[in-house]
Amino acid sequence: MRLICSIVLSLVCSFVFSQSNFFNPGKQWKDTNGVHINAHGGGMLFVDGAYYWYGEYKTSGRGGNTSLKGISCYSSKDLYNWKNEGIVLKVEQDHNSEITKGCVMERPKVVFNKKTGKYIMWFHLELKGQGYDAARAAVAISDTPNGPFKFKKSYRPNKGVWPINFDDKFKSASSDESALKSWTPEWREAIKNGMFIRRDFDKGQMSRDMTVYVDDNDKAYLIHASEDNLTLHISELIDDYLDFTEKWTRVAPADHNEAPAVFKKGGVYYMITSGCTGWDPNEARSFKSKSIWGPWESLGNPCIGKDASLTFHSQSTYILSVEGKKDQFIFMADRWKPDNPIDGSYIWLPITITDEKPILKWFDKWSLLDFKEN
Ligand code: GAL
């Protein structure tokens, strides 16, 4: 009886929720079962003709931002219609596990490692009951894009190593810096000069909001909000993408950037970030650089038009390079709903690049066919 009911239900669903061929930013986005997609802070991977969208599985109510299930995955051949692939990295029931139920798993990004043939997921992990203090990078591995992923470890990157191009004179603390009052110009200057790098040198650098970028030469980088979210770090991954080479650099020291998303066009790297206001939206920022190692030049807010100062009420999570299209990029962002996180919606917008500056404009409804390649 149960089987018959579920067959009838799925037939009804596929009839009612017919195929879509456009994006509807900010609206409910139903999967092929007619359920609002639950993959927040997401990232994307293209494998053998299909896109895989990984994200945070949220639940209802104020506690819905903690991980009660794990990381979800959806697949699609056309980017409009998404099939639920289930939870691909599950929280663990063991209270001693670093990913025990009730921890915080955010912003998962999955990449394929050509050398090992494995799918590698990096995400931001906060340990259960410790707020956002742990600030760890975490990694999991799978043989297939739709999981199951096996959790490997979590830690803070770059323990005991200085960033590249870090002046020797900043490797030891100035005597008076611990007395500086937060948010004063002197305090910001001390942060620029590495006060928090020195503080975290022995235990590893913080890693909160993050993305992973794989370059044309297959080198991969974790780009993560560090130093109490004041400075972004770019940390190179080793060949199997499961650890760090310990080569790392800083972007926009003391400038307070979160939610990094990176893409590359014509040999130029672009990064879109947000400011730091928790679940509330703020004005996005953008940067460009000729090398992943910088210098990163600030280009200001990429958004134009109504609500540009609030990134159209959203926060960046990933930039998708559309497969088979030269230089067609989609800005993926989240419209968070902290009172009922499961209702959070997705803001996907096309990126245009004019004079080496990314531009984002609002569209109520759009499709890939509406846009020329850049
Ligand atoms: C945001 C961040 C989210 C989440 C949230 C928690 O600034 O981008 O990923 O960590 O803070 O308050």
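Residues numbered from 1 in each chain as written. Predicted model: local features only at pLDDT ≥ 70, side-chain atom pairs only at ≥ 80, totals over all residues. Heavy atoms only, no water.

1. Section: the overall build of the protein
Helices and strands together make up the secondary structure of the protein, namely three helices and 21 strands. A compact globule built from 374 residues should have a C-alpha radius of gyration of about 21 Å, and the protein, at 21 Å, falls within 12% of that. Taking the principal axes of the C-alpha coordinates as reference, the protein spans close to 75 × 50 × 45 Å. Long-range contacts, defined as pairs at least 24 residues apart, comprise 53% of the intrachain contacts of the protein with a sequence gap of at least 6. Of the roughly 17000 Å² that the protein leaves accessible, carbon and sulfur atoms contribute 52%. (Helix = DSSP H or I, 4+ residues; strand = E, 2+ residues; numbered from the N terminus. Rg over C-alpha atoms; globule rule 2.2 N^0.38 Å. Contact = heavy atoms within 4.5 Å. Areas by Shrake-Rupley, 256 points an atom, 1.4 Å probe, with all protein chains shown as cover.)

2. Details of the site of the ligand
Taken together, Glu106, Arg107, Tyr132, Asp209, Glu258, Gly278, Trp279 and Gln315 make up the full set of residues adjacent to the ligand. Asp209 is positioned such that a nitrogen or oxygen atom in its side chain is 2.6 Å from an oxygen atom of the ligand. Gly278 is positioned such that a nitrogen or oxygen atom in its backbone is 3.2 Å from an oxygen atom of the ligand. Relative to its unbound accessible area of 310 Å², the ligand is 88% covered by the protein chains. Looking at side-chain class alone, the shell around the ligand contains two nonpolar, two polar and four charged residues. (Near = heavy atom within 4 Å. Polar contact = N/O pair within 3.5 Å; in protein donor to acceptor, adjacent residues only side chain to side chain. Nonpolar A, V, L, I, M, F, W, Y, C, P; charged D, E, K, R; others polar.)

3. What to know about the sheet that holds strand E12 (residues 244-251)
The strands that make up a sheet are held in pairs by hydrogen bonds between backbone atoms, and each pair lies either parallel or antiparallel. Spatially, four strands are ordered E9-E10-E11-E12 in an open sheet, and the strand pairing comes out antiparallel. Here the strands that pair on one side only, and so sit at the sheet edges, are strand E9 (210-214) and E12. In this sheet, neighbouring strand axes are inclined to one another by 25 degrees on average, regardless of whether the strands run parallel or antiparallel. Bridge analysis of E9 against strand E10 (residues 220-226) gives five bridges, and the strand direction is antiparallel. Within E10, the position partnered with Thr211 by the bridge is Ile223. (Pairing = 2+ DSSP bridges. Axes fitted to C-alpha atoms, helices over the stretch in contact; angles between N-to-C directions.)

4. A closer look at the pattern of salt bridges
Counted according to the given criterion, the structure contains 24 salt bridges. Connected via shared salt-bridge partners are Arg156, Arg199, Asp200, Lys203 and Asp228. (Salt bridge = Lys/Arg side-chain N within 4 Å of Asp/Glu carboxyl O.)

5. Here we look at the nonpolar core
Met44, Trp53, Leu79, Trp82, Ile330 and Trp348 are the most contacted members of the largest nonpolar core, which totals 39 residues. Within the residue set of this core, elements represented by two or more residues are strand E2 (50-56), strand E13 (258-265), strand E14 (268-274), strand E18 (315-321), strand E19 (329-335) and strand E20 (345-354). No other element matches the six residues that E20 contributes to this core. Setting aside residues up to four positions removed in sequence, Ile330 forms contacts with Phe23, Leu79, Tyr318, Ile319, Leu320, Val322, Trp348, Leu349, Ile351, Trp366 and Leu368. (Core = buried A, V, L, I, M, F, W, Y, C linked by side-chain atoms within 4.5 Å. Buried < 20%, exposed > 50% of the residue type's maximum accessible area, 1.4 Å probe, protein only.)

6. Regarding the sheet that holds E13
The strand order across the open sheet formed by four strands is E13-E14-E15-E16, and the pairing between neighbours is antiparallel. On the outer flanks of this sheet lie E13 and strand E16 (297-300), each paired with one strand and no other. Averaged over all neighbouring strand pairs, the angle between strand axes comes to 25 degrees, with direction disregarded. Summarising the sheet, E13 and E14 pair through six bridges and their orientation is antiparallel. Among the inter-strand pairings, Ala261 is bridged to a residue of E14, identified as Ile272.

7. Some details on the environment of Thr32
For Thr32, the location among the structural elements is in the loop between helix H1 (2-16) and strand E1 (40-47). Separated by 89 residues in sequence, Thr32 and Met121 have C-alpha atoms that sit 25 Å apart. Residues in contact with Thr32, not counting those within four places in the same chain, are Trp82 and Lys83.

8. Considerations on helix H2 (residues 185-192)
Regarding H2, the residues found buried are Trp187, Ala190 and Ile191. The buried side chains of H2 occupy one side of the element, clustering within an arc of 100 degrees when seen end-on. Summarising the contacts, the buried residues of H2 are in contact with helix H3 (195-200), strand E11 (231-237) and E12. (Arc of directions from axis to C-beta.)

9. Digging into the packing of aromatic side chains
Applying the stated rule across the entire model yields 32 aromatic pairs. Here Tyr221 and Trp293 contribute two aromatic rings whose centre-to-centre distance is 5.7 Å and whose plane-to-plane angle is 85 degrees, an arrangement assigned as edge-to-face. Here Tyr221, found in strand E10, pairs with Trp293, found in the loop between strand E15 (285-289) and E16; they are 72 residues apart in sequence, far enough to count as distant. Residue Tyr221 shares its accessibility class with Trp293, and that shared class is buried. (Phe/Tyr/Trp six-rings, centres within 6.5 Å; stacked < 30°, edge-to-face > 60°.)

10. Considerations on unusual backbone geometry
Residue Gly147 is joined to Pro148 through a cis peptide bond whose omega torsion reads 0 degrees. Along the polypeptide, Pro148 turns up in the loop between strand E7 (136-142) and strand E8 (150-155). Going from Gly294 to Pro295, the amide bond is cis rather than trans, its omega being 0 degrees. Tracing the backbone through its elements, the reader meets Pro295 in the loop between E15 and E16. Located in the positive-phi region is Asn158, a residue other than glycine, with phi close to 60 degrees. With respect to the secondary-structure elements, Asn158 resides in the loop between E8 and H2. Here the phi dihedral of Asn165 falls at roughly 55 degrees; this positive angle occurs in a residue that is not glycine. For Asn165, the location among the structural elements is in the loop between E8 and H2. In this structure Asn165 comes out as exposed when scored by relative accessible area, which is 76%.

11. Things to note about the confidence of the model for the protein
Residues with a pLDDT of 70 or more make up 95% of the protein, whose mean pLDDT is 94. Model confidence for the protein, summarised as mean pLDDT per element, is weakest for H1 at 51 and strongest for strand E6 (residues 118-126) at 99. (pLDDT = per-residue confidence, 0-100.)

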